[in-house]
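Coordinate analysis (summary)
Listed below are the residues making up each chain.
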Amino acid sequence: MFERCVILEEDKRAEQAFMDYLINERNYSANTALAYKQDILDFQTFLNQQAIAGFRAVTFMDVRLYLTELKKEKYARTSVARKLSSLRSFYTFMLRENLVSTNPFTSVSHAKNQLRLPKFFYSEEMEALFQVVYRDDEALTLRNRVMLELLYGTGIRVSECAGVLLSDIDKTYQAILIRGKGNKERYVPYGAFLEDAITVYLGGGRKKLMAAHHKEHDVLLVNHYGDPLTTRGIRYCLTKIIDEAALTRKIHPHMLRHTFATDLLNNGADMRTVQELLGHASLSSTQIYTHVTKEHLKATYMKHHPRA
């Protein structure tokens, strides 16, 4: 977007203090903190181009001008909203630390995005996916079976799936310890399908892959070398499963999490329980699924009621 700029030393210190705050006090991941940092660097470059002398000198009108520049650059509405949120949080932190006297982002708003309903798999599509991972008992197929049963059966994120250890699985209570965003931990229950898939995988597929390459570690999902399967690796494997299932519409792995939540609500689960299972900090994050279930109810009504 903008060329790089020279940054004032006091601004560098403020930026570093904010990064430390995000990671050490807010327990944000390194990737999340990096996203905040990039938004701040882009804003600093804009300040340099406009000859504005650092964070302290920024006014409300400067922020409005920045929004105009973002619009000229054709940034997506979601990207602009994220940048505003990042900078508003940054200035709130600096105000708390007496590094600035005002927060020029407080009164700046951006048009809200049109509500986007989460996309999910229909039952026929889920059946097609499971047919792929139950077609044989090859080592990697057994691994993929556990991966799919785990993601759909618990609703955990792909990144959380990559972090599951053997020691996290409590077979007595059929629950798994999940480490979520901000290092927050939660237990999620699992059912008989995942229980069976794990038992077969540990006794065959994983054991075979680990032994073939003389590997020793506690991570549940492994690649063909016996090493821990990364988040990127899980996405790649899921994409292959989706391709082999011959599903035609544009889909992504996170839809398994959406499907988990939607199916629970459609079958009578309460909102608070789904929130806890998903690991959402706020109920508002979970409530978007009510829009999906309402659409489902409406479609069912229109299809089956004689007076619809």
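Use the structure listed above.
Quick caveat: nothing in here was measured; it's all calculated off a predicted structure.

Let us look at the sheet that holds strand S3 (residues 185–189). The strand order across the open sheet formed by 3 strands is S1-S2-S3, and the pairing between neighbours is antiparallel. The strands lining the two open edges of the sheet, one partner per strand, are strand S1 (169–170) and S3. Both S1 and strand S2 (residues 175–179) contribute to a ladder of 2 bridges, which runs antiparallel. Across the sheet, the residue bridging to aspartate 170 is alanine 175, located in S2.

Before going further, it helps to examine the pairing of S2. Of all 5 residues that make up S2, 4 are buried, and the element is covered over most of its length. Between the end of S1 and the start of S2, which pair antiparallel, lie 4 residues, with glutamine 174 showing a positive phi angle near 50°. Taken together, the 5 bridges between S2 and S3 define a ladder with antiparallel strand orientation. Bridging across to S3, isoleucine 178 finds its partner in arginine 186.

On to the packing of aromatic side chains. For the structure on display, the rule yields 17 aromatic pairs. Centroid distance phenylalanine 18 to tyrosine 21: 6.2 Å. Interplanar angle 25°. Geometry classified as stacked. Note that phenylalanine 18 and tyrosine 21 are positioned in helix H1 (residues 9–25) at a spacing of 3 residues, about one turn of the helix. Residue phenylalanine 18 is classed as buried on the basis of its relative accessible area, which comes to 1%.

Cut-offs applied
Residues numbered from 1 in each chain as written. Predicted model: local features only at pLDDT ≥ 70, side-chain atom pairs only at ≥ 80, totals over all residues. Heavy atoms only, no water. Pairing = 2+ DSSP bridges. Helix = DSSP H or I, 4+ residues; strand = E, 2+ residues; numbered from the N terminus. Buried < 20%, exposed > 50% of the residue type's maximum accessible area, 1.4 Å probe, protein only. Phe/Tyr/Trp six-rings, centres within 6.5 Å; stacked < 30°, edge-to-face > 60°.

Keep in mind that these numbers describe shape and distance, not what the molecule does.
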